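Fold and contact review
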Protein chains: 2
Amino acid sequence: MAANSLRARVRAEMIDEIKAAARRHLATDGANLSLRAVARDLGMASSAIYRYFPSRDDLLTTLILEAYVALGDAVEAADAAVDRDDLRGRWFASCRAARAWALANPAEYALLYGSPVPGYTAPDDTVEPAARPPMTLIGIARDGLATGQLTPPPADDLPQPVRDDLADVAASLAPGMPVALLARGMAGWTQLFGLISFELFGRIKGALPHRDDYFDHQIALMADLVGLPR
Amino acid sequence: MAANSLRARVRAEMIDEIKAAARRHLATDGANLSLRAVARDLGMASSAIYRYFPSRDDLLTTLILEAYVALGDAVEAADAAVDRDDLRGRWFASCRAARAWALANPAEYALLYGSPVPGYTAPDDTVEPAARPPMTLIGIARDGLATGQLTPPPADDLPQPVRDDLADVAASLAPGMPVALLARGMAGWTQLFGLISFELFGRIKGALPHRDDYFDHQIALMADLVGLPR
DNA sequence: CCAATTCGAGAGCAGTGCTCTTGACAGGTC
DNA sequence: GACCTGTCAAGAGCACTGCTCTCGAATTGG
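**Re the domain arrangement of chain A**
Residue and element names in this part refer to chain A. Domains assigned within chain A are domain 1 (1-53) and domain 2 (56-226). Between the C-alpha centres of domain 1 and domain 2 there is a distance of 32 Å. Interface area for domain 1 against domain 2, summed over the two sides, is near 1100 Å², with a carbon-plus-sulfur share of 72%. Summed over the three residues of domain 1 that lose the most area to domain 2, namely Arg23, Leu26 and Phe53, the buried surface amounts to 46% of that side. Joining domain 1 to domain 2, the criterion identifies 2 salt bridges.

**What to know about the protein's contact with DNA strand C**
The immediate surroundings of DNA strand C are formed by 22 residues, with A:Arg51, A:Tyr52, B:Leu35, B:Arg36 and B:Arg56 found nearest. Considering DNA strand C, the proportion of its atoms within 4 Å of the protein that are sugar or phosphate atoms stands at 50%. Within the contact set of DNA strand C, a base nitrogen lies 2.4 Å away from a side-chain nitrogen or oxygen of B:Arg36. Contacts to DNA strand C include B:Arg40, whose side-chain N or O atom sits 3.3 Å from a phosphate oxygen. Contributing elements (two or more residues each) for the surface near DNA strand C: helix H1 (6-29) and helix H3 (46-49) of chain A together with helix H1 (6-29), helix H2 (35-41) and helix H3 (46-49) of chain B. Per-element tally for the surface near DNA strand C: the top contributor is H2(B), with 3 residues.

**Examining the packing of aromatic side chains**
Residue and element names in this part refer to chain A. The final tally for this structure, using the stated rule, is 15 aromatic pairs over all chains. Ring geometry for Tyr68 versus Tyr113: centroids 6.2 Å apart, planes at 85°, classification edge-to-face. With a gap of 45 residues between them, Tyr68 in helix H4 (residues 56-80) and Tyr113 in helix H6 (residues 106-113) connect regions that are remote in the sequence. Across the pair, exposure class does not vary: Tyr68 and Tyr113 are buried alike. Consider the rings of Tyr113 and Trp189, whose centres lie 6.0 Å apart with planes at 70°: the pair is edge-to-face. Remark: Trp189 occurs in helix H10 (residues 179-200) and Tyr113 occurs in helix H6; sequence separation between them is 76 residues. The exposure class of Tyr113 is buried, given its relative accessible area of 2%. Stacked on the ring of Phe215, the Lys or Arg Arg99 has its end atom at 5.0 Å from the ring centre.

**What to know about the protein's contact with DNA strand D**
Around DNA strand D sit 25 residues in total, of which A:Leu35, A:Arg36, A:Arg56, B:Ala45 and B:Arg51 are the nearest. At the protein interface, 47% of the atoms of DNA strand D within 4 Å belong to sugar or phosphate. In the environment of DNA strand D, a phosphate oxygen lies 2.9 Å from a nitrogen or oxygen atom belonging to the backbone of A:Leu33. A per-element tally of the surface near DNA strand D places helix H2 (residues 35-41) of chain A first, with 3 residues. Broken down by class, the residue content of the surface near DNA strand D amounts to 10 nonpolar, 6 polar and 9 charged.

Rules and cut-offs
- Residues numbered from 1 in each chain as written.
- Chains lettered and ligands numbered in written order.
- Predicted model: local features only at pLDDT ≥ 70, side-chain atom pairs only at ≥ 80, totals over all residues.
- Heavy atoms only, no water.
- Domains from an automatic or database assignment.
- Buried area = accessible area lost by both parts, 1.4 Å probe.
- Salt bridge = Lys/Arg side-chain N within 4 Å of Asp/Glu carboxyl O.
- Near = heavy atom within 4 Å.
- Polar contact = N/O pair within 3.5 Å; in protein donor to acceptor, adjacent residues only side chain to side chain.
- Helix = DSSP H or I, 4+ residues; strand = E, 2+ residues; numbered from the N terminus.
- Phe/Tyr/Trp six-rings, centres within 6.5 Å; stacked < 30°, edge-to-face > 60°.
- Buried < 20%, exposed > 50% of the residue type's maximum accessible area, 1.4 Å probe, protein only.
- Lys NZ or Arg CZ within 6 Å of the ring centre and 35° of its normal.
- Nonpolar A, V, L, I, M, F, W, Y, C, P; charged D, E, K, R; others polar.

Next up, the structure:
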């Protein structure tokens, strides 16, 4: 079959429509997505969906993968838009972009970073795009190291097993990265994820009305921890 | 009816059995708990469950509340078991207890700190027990302040809105607590939650085999941030 | 033009939460 | 003991779910 045949084009559009409807339902109904509901939205029989996605999990997987890509794109684009030497600016831009994306797409964020669906196991395709946001943060630290703006923290407190583990990670993901700095970069990523999750999952209550400023301050604390110059 | 009548006792036992069976299913099936499966386990009709819990959400709420209490108990007990003046020891004990509880009860932890169930809204009863772990951490910082072991960080970087918000929180939860210190304590709590979630939800992959040591080091970073003396 | 492929719709299966009705049992009262 | 009253478990049934299968219609490539 020709790649551009009428059937192929209609099929591609149909897939897009299904995904769009599914995303719409995701926003209101959460992870328990109903295939029949999206079929109703599209005015088709529920069984017809199975012509395009072999199962509900498969549709979810596609949405998850695209969400990872979208988040990774957003973070990397925000980082790229800042002067390479402005480490702190890049740090803030990246973190804010992640939060902004999460606030704009809460259901998809919950799908990525919420509790895992019981029977569901993420395919290997997700690990690479999932690693892009933390890699962006670590890249900022690396650049600072390269330009001398950033001095690596002492690794004295690092227990030997952690040092070895982190050395392995650095070897495969960020060659030349000092382990102590890598650990602090990962702390920043953990903090970013925790902050967004707390805000999104309603754990922060209404106690802190100025969420943007609070977020910025907490992110600044981690920027200091990593050693980004002010 | 007498509170200790035979009926009341049998009923209480039945409720306990239902909760136990539900917890068992929770561990394998996650948040999508099946009432019918629980009923099957207990050898009773599904409709009979409704004599004890008005709905599935109500059963879930009960489990959530008890999980909050269990986690709070675990953290506070760990903190209380350490010499009051050993701030760092208390910090480590509290954080490790939270992680240990989460690893021992992953399904319940996911229920508490994973993505919120779509239609479900947590009742007000949960906010007090939910606040116990972070309050324990903040209490450690307060004690350090009282004994002079800990000097409050400067509040210079804090934007005014955040300072005001945090002052309100401090006024109602931790009177006399400097806002900058409160912010760092909350950062510690956020980091703790993020660390546990990453480990539990499989985001950390097999990249860091020595998870205990990694956890300890990241917790130590936050202890330093709060200013706990070594 | 025809065979092959693709597609949508419908029926149907097993499962779910939940409601309502029915019949059985225990508690206390006369 | 007889009698009511409140409680309980069970079953049928409703509307919903994911998913499979079959059947007729439409489109494609030869």
